[in-house]
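In case you want the letters, here they are:
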2 protein chains.
Amino acid sequence: MTRGITPPSADAAAQARARQAVLTKPAGALGALEDTSVWMASVQGTCPPQPFMNPRVVIFAGDHGVARSAGTSAYPPEVTAQMVANFITGGAAVNVLARQVGAAVRVVDVSVDAPAEYLDALDPGVVRRRIRRSCGSIDREDAMSPEETVAALALGTALADEEIDAGADILIAGDMGIGNTTPAAALIAVLTDSDPSSATGRGTGVDDATWARKVSVVAAAVSRAGRDREAPVRLLARIGSPDIAAMTGYLAQGARRGVPVVLDGVVSCAAALVAAQLLPGASAWWCAGHLSTEPGAALALEELGLRPLIDLDLRLGEGTGALLALPLLAAAATTLADMATFDSAGVSDRAH
Amino acid sequence: MTRGITPPSADAAAQARARQAVLTKPAGALGALEDTSVWMASVQGTCPPQPFMNPRVVIFAGDHGVARSAGTSAYPPEVTAQMVANFITGGAAVNVLARQVGAAVRVVDVSVDAPAEYLDALDPGVVRRRIRRSCGSIDREDAMSPEETVAALALGTALADEEIDAGADILIAGDMGIGNTTPAAALIAVLTDSDPSSATGRGTGVDDATWARKVSVVAAAVSRAGRDREAPVRLLARIGSPDIAAMTGYLAQGARRGVPVVLDGVVSCAAALVAAQLLPGASAWWCAGHLSTEPGAALALEELGLRPLIDLDLRLGEGTGALLALPLLAAAATTLADMATFDSAGVSDRAH
C-alpha cells in the first residue's frame, strides 16, 4: 500500500493558470472555479480540461458495533440493509442525483449486519463481497482483525480497478451505515489531533444526550488508538470499520491509477485522511465536493488542504454532496475551454 | 409600480415540507436543498415542483459617469461596449454557462457610453432600447432625470414581459457595466443603512487607493440621497443608473407576473433591494443564486432574507452566479419529486 504515486501534471496546471489570465473577465473573477479548472487540467494532464463524462459512485455499506452497543445513532441498525435495498431499486437521494448527472451507482455490502440472504432478493444489483458482518464496538474492542483490514483495503482497491476499467473518469465514494459517523469522527480526531468533542457531530440528527454519549465513545476510541498516526492500517483495525477501510483502498487506488475523486461527506473525508497517510501525495488527485455539517468534515478537509465546492448544510452522505458538485466541475472546465480571450474578442485588458 | 403582488402558494410549500419529512433520508439531511424545494413548490404552485425548463438571462448593459470622472474601476469604460459585442458572439462566461444549462441570453444596451453606431455591426443580437448614453456621476449629480428613470423601469418591465411571453419559467438578470458596482454599493448602503465603507468592494479588482476613492464616491452619493428609503424611484434617479433601474423593473415584473427569479451578483442584489421597496413581498418570488465577494451582496441578501446557493468567491456578474445555481435548483426539485418514502421503500423511520 505504500507504493508511490505519479503527481498530477504541473505543466497542464500552469497552462490552465496562464489561460485563465487572458480570458474575457477580470483576473480571478471566477473565484474557486478557476482553481478547480486548474486542478482538472492537472488531473487530466491536458489544457483545457473537459467535463468528466463517466462519473461512477460506489456506495460502501456497513454496520457498526457502536450503533448497537452504545446507541450513537438516531436510527436503528436495520436501516442500513433497508437502504441497500433502496439504492438497488433507485429510490434514494444518491440515485436521483446520479440520474441527473448521468453517473453510475453501485452498492457494495462490505459489512452489513443482516443475514446474507437479504441480498438474494436484490441480486444482481448489489456486490456480494462482505468482509464480515458488522464490526466491533470501537469504544471497547477492535473494529476488525488485521487480516480483515487488509482484505477490506484490497476490496476497495479492486472496486476502484473495476470502475476505472469500466471507463470511469471520475470516482465518488458514497457511504451508508447507521453509526458510521462515529468511527469517522474517531479517525479524524486522531489524524487531525483534534479534541473528540470538536470532531463529533450529530450524524443523522441525534439529541443532546446521545451526542454526549457519542463524544464519550469517540474519546474512548481515540484513547484506544493511542493517536498513532503513523500506522494507518492498524488505526483502521482498531477504531475504523470494514466499510471505511474499503473506501480508503478505493480512494488510494484512484490516486495510484491517476483517476480523480470527488470526496463527499464526513465518512469519505475520514477515509481520505487515512488514504493520504497510506499514500502521501494522494490528495492531489482529489477535490472536495461539499462541506458536511459534521464538524469532522471541516477538520479533515483543512488537513487535506481541500476547499469544498458546495456548502449547503448537507449531511446525508451516500455520495450526494459529491454528485451535486459535478455540474460545477463541468462549468469550471467549459469556461476555461470555451471563453474568448481579450485578444480574440477585442476586449481591453486592465493593462491597456 | 406599487400595484400589489400575489404571494407564492403557501399550500404547495406546506405540501413540500410534509413530503420532505417522509423521504428516505434523515430529517433535514438535504439542508438548504430542502428549503429550495419548498420555495420551488411555492413559486410553481404545485408539489412536487419540476426543474425549470426555460431559463432566460437578460443582460443589462450600461456605463457609469463615476467610472470616467472618478476612476472607480480597474478597467476602462470602453470595455462595456466591447463586452456587449463579446456577449453577442458568445465568448463571455455567461454564454458558456448558459449553453451548459440550456438558458437563453439576451443583451440590452440600456446606457452604454458608445456611439449608437457600434450596435450596427451587432444587430440583431442586441436590443436597441437605449435610455441614454452613460449617466451622471453620482457623487456630484443625479444619474438621470425622473423621466429617464421611469422609462428605464418601464423598459425592464417590458423586457420581463417579453421573456415571460416567450416562455421563460425562470428569469435571470445579468449586468455589464464598467463602474456599476459603485451605484450598487451606494443603493445598498442606503437601503440597508450601512456604512459606505462596509458596502463598497473591489469590483473588478481595484487597488487600495482606488478602493478608498470609491468609498468616498459612495459616501458622497449616499449623502446626496439623504437615506430616503421610502422613495425608490427618486433614489434610482439620484444615485442609481439606467441599467440598474431597468433591472429593477425587470425583477419587479417577474414577481408581479408570478415568474421566479434567480438573483446574481451585487448589481442584481442592489436592483432587488430597490424592487422590494417598490413592490413589498416581491422577494418571495426570488432566490439567491450565489454570494458575490462584493460586501454589498451579503448586506443586500441579508436584508432580503435570502440564502445564497453558491459561495465560490465569484465576482463576475453577467448572470454567471445565477446560472451556476440552476443545477442545484433542479436537484432540489428532483430529489423531492423522485425519492422513495419510508413507507414505499420499507425503510424504518427514527420514530419506529
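Every value quoted in this text rests on a predicted model; they were computed, and no experiment measured them.

Reading the values: the criteria
- Residues numbered from 1 in each chain as written.
- Chains lettered and ligands numbered in written order.
- Predicted model: local features only at pLDDT ≥ 70, side-chain atom pairs only at ≥ 80, totals over all residues.
- Heavy atoms only, no water.
- Helix = DSSP H or I, 4+ residues; strand = E, 2+ residues; numbered from the N terminus.
- Rg over C-alpha atoms; globule rule 2.2 N^0.38 Å.
- Contact = heavy atoms within 4.5 Å.
- Areas by Shrake-Rupley, 256 points an atom, 1.4 Å probe, with all protein chains shown as cover.
- Lys, Arg positive; Asp, Glu negative; His and termini not counted.
- Charge placed at Lys NZ, Arg CZ, Asp CG, Glu CD.
- Pairing = 2+ DSSP bridges.
- Buried < 20%, exposed > 50% of the residue type's maximum accessible area, 1.4 Å probe, protein only.
- Arc of directions from axis to C-beta.
- Buried area = accessible area lost by both parts, 1.4 Å probe.
- Salt bridge = Lys/Arg side-chain N within 4 Å of Asp/Glu carboxyl O.
- Polar contact = N/O pair within 3.5 Å; in protein donor to acceptor, adjacent residues only side chain to side chain.
- Nonpolar A, V, L, I, M, F, W, Y, C, P; charged D, E, K, R; others polar.
- Least-squares fit on C-alpha atoms with pLDDT ≥ 70 in both.
- Axes fitted to C-alpha atoms, helices over the stretch in contact; angles between N-to-C directions.
- Expected span 1.5 Å × (residues − 1).

Novice: Got a sec to walk through the overall build of chain A? Specific residues and values, please.
Specialist: Across its full length, chain A carries 15 helices and seven strands. Compactness check: chain A gives a C-alpha radius of gyration of 20 Å against a globular reference of 20 Å for 352 residues, within 12% of the reference. Contacts spanning at least 24 positions in sequence make up 75% of the contacts within chain A whose residues lie at least 6 apart. With the model as given, the accessible surface of chain A reaches about 11200 Å², and the carbon-plus-sulfur share is 52%. The average position of the 27 basic charges and that of the 38 acidic charges among the side chains of chain A differ by 1 Å.

Novice: Residue-level account of the pairing of strand β2 (residues 104-111) of chain B, with values.
Specialist: Each regular strand shows side chains that alternate between the opposite faces of the sheet. Relative to β2(B), strand β1 (residues 55-62) of chain B is paired through seven bridges, and the arrangement is parallel. Its bridge partner lying in β2(B), Arg56(B) is registered against Ala104(B).

Novice: Summarise helix α13 (residues 295-304) of chain B; cite the residues concerned and give the values.
Specialist: Residue and element names in this part refer to chain B. Within α13, the full set of buried residues consists of Gly296, Ala297, Ala300, Leu301 and Leu304. Taken around the axis of α13, the buried residues stretch over an arc of 130°, which confines them to a single face. Summarising the contacts, the buried residues of α13 are in contact with α7 (181-191), α8 (196-199), β5 (261-263), α12 (266-278) and β6 (286-288). Just downstream of α13, Gly305 is the residue with a positive phi angle, here 75°.

Novice: For the interface of chain A and chain B, give the residues involved together with the corresponding values.
Specialist: At the junction of the two partners, chain A supplies 53 residues and chain B supplies 53 residues. Carbon and sulfur atoms make up 60% of the surface buried where chain A meets chain B, a total of about 4400 Å² over both sides. Linking chain A to chain B there are two salt bridges. Two residues, Asp313(A) and Arg307(B), come together in a salt bridge whose shortest N-O distance is 2.9 Å. There are 22 residue pairs in polar contact (both at pLDDT 80 or more) connecting chain A and chain B. Those elements that provide at least two residues to the side of chain A that touches chain B are α2 (32-44), α4 (78-89), α5 (93-101), β7 (308-310), α14 (320-338) and α15 (342-345) of chain A. If you tally residues by element for the side of chain A that touches chain B, the top one is α14(A), at eight residues. When grouped by side-chain class, the residues that make up the side of chain A that touches chain B number 31 nonpolar, 13 polar and nine charged.

Novice: Explain the relation of the copies chain A and chain B to me, using residue names and the numbers behind them.
Specialist: At an RMSD of 0.0 Å, chain A and chain B line up after a rotation of 180° and a shift of 0.0 Å along the axis. Each copy turns onto its partner about a two-fold axis. Most of the interface of chain A is mirrored in chain B, where 100% of its interface residues again form contacts.

Novice: Describe the environment of Ile244(B), and please don't skip the residues or the numbers.
Specialist: Residues and elements named next belong to chain B. Mapped onto the fold, Ile244 is located in helix α11 (residues 242-256). Residues Ile244 and Ala284 lie 40 residues apart in sequence; the distance between their C-alpha atoms is 20 Å. Beyond its immediate stretch of four places on either side in the chain, Ile244 contacts Asn180, Pro183, Ala184, Leu187, Leu236, Val267 and Ala271.

Novice: Let's hear about the sheet that holds strand β3 (residues 126-128) of chain B: which residues, and what values?
Specialist: Residues and elements named next belong to chain B. An order of β3-β2-β1-β4-β5-β6 is seen for the six strands of this open sheet, with the pairing classed as parallel. Here the strands that pair on one side only, and so sit at the sheet edges, are β3 and β6. Within this sheet the neighbouring strands show an average axis-to-axis angle of 30°, counted without direction. Seen against the sheet, helix α6 (residues 146-165) touches β1, β2 and β4 (170-176) and runs at an angle of roughly 165° to β2.

Novice: Quick one: what's the story with α11(B), residue by residue and with numbers?
Specialist: A rise of 1.5 Å per residue sets the reference length of α11(B), with its 15 residues, at 21 Å; its end C-alpha atoms lie 21 Å apart and thus fit the reference within 8%. Where α11(B) terminates, the next one or two residues include Gly258(B), which has phi positive at roughly 75°.

Novice: Hey, could you go over the pattern of salt bridges for me, with residue numbers and the actual values?
Specialist: Residues and elements named next belong to chain A. On inspection of all chains with the given rule, the structure shows 36 salt bridges over all chains. The closest approach of N and O atoms between Glu34 and Lys25, which form a salt bridge, is 2.9 Å. With relative accessibility at 3%, the residue Lys25 sits in the buried group. Residues joined by salt bridges that share partners form a network here, namely Arg56, Arg106, Arg129, Glu162 and Glu163.

Novice: Outline the side chain of Glu294(B), supporting the account with residue identities and numerical values.
Specialist: Residue and element names in this part refer to chain B. Within the element layout of this structure, Glu294 appears in the loop between β6 and α13. Despite its burial, Glu294 pairs with no opposite charge, the nearest such side chain being Lys214 at 4.1 Å. Within the local environment of Glu294, its side chain forms a polar contact with the backbone nitrogen of Gly203, the two atoms lying 2.6 Å apart. If we ignore the near neighbours within four places in the chain, the residues touching Glu294 are Thr181, Gly201, Arg202, Gly203, Lys214 and Val266.

Novice: So what about the sheet that holds strand β3 (residues 126-128) of chain A? Which residues, and what values?
Specialist: Residue and element names in this part refer to chain A. One open sheet accounts for seven strands, arranged β3-β2-β1-β4-β5-β6-β7; its pairing is parallel. Sheet topology places β3 and β7 at the edges, where each strand pairs with a single neighbour. With direction set aside, neighbouring strand axes in the sheet form an average angle of 30°. Across two bridges, the pairing between strand β6 (residues 286-290) and β7 is parallel. Bridging across to β7, His290 finds its partner in Ile310. Packed onto the sheet, helix α12 (residues 266-278) meets β4 (170-176), β5 (261-263) and β6 and runs at close to 165° relative to β6.

Novice: For the environment of Leu314(B), give the residues involved together with the corresponding values.
Specialist: Checked against the element boundaries, Leu314(B) lands in the loop between α13 and α14 (320-338). Owing to a relative accessible area of 1%, Leu314(B) belongs among the buried residues under this scheme. The spatial distance from the C-alpha of Leu314(B) to the C-alpha of Ser292(B) is 5.4 Å, given a sequence separation of 22 residues. Look past the residues within four positions of Leu314(B) in its chain and what remains in contact with it is Ala29(A), Leu30(A), Gly31(A), Leu33(A), His290(B), Leu291(B), Ser292(B), Thr293(B), Gly321(B) and Leu324(B).

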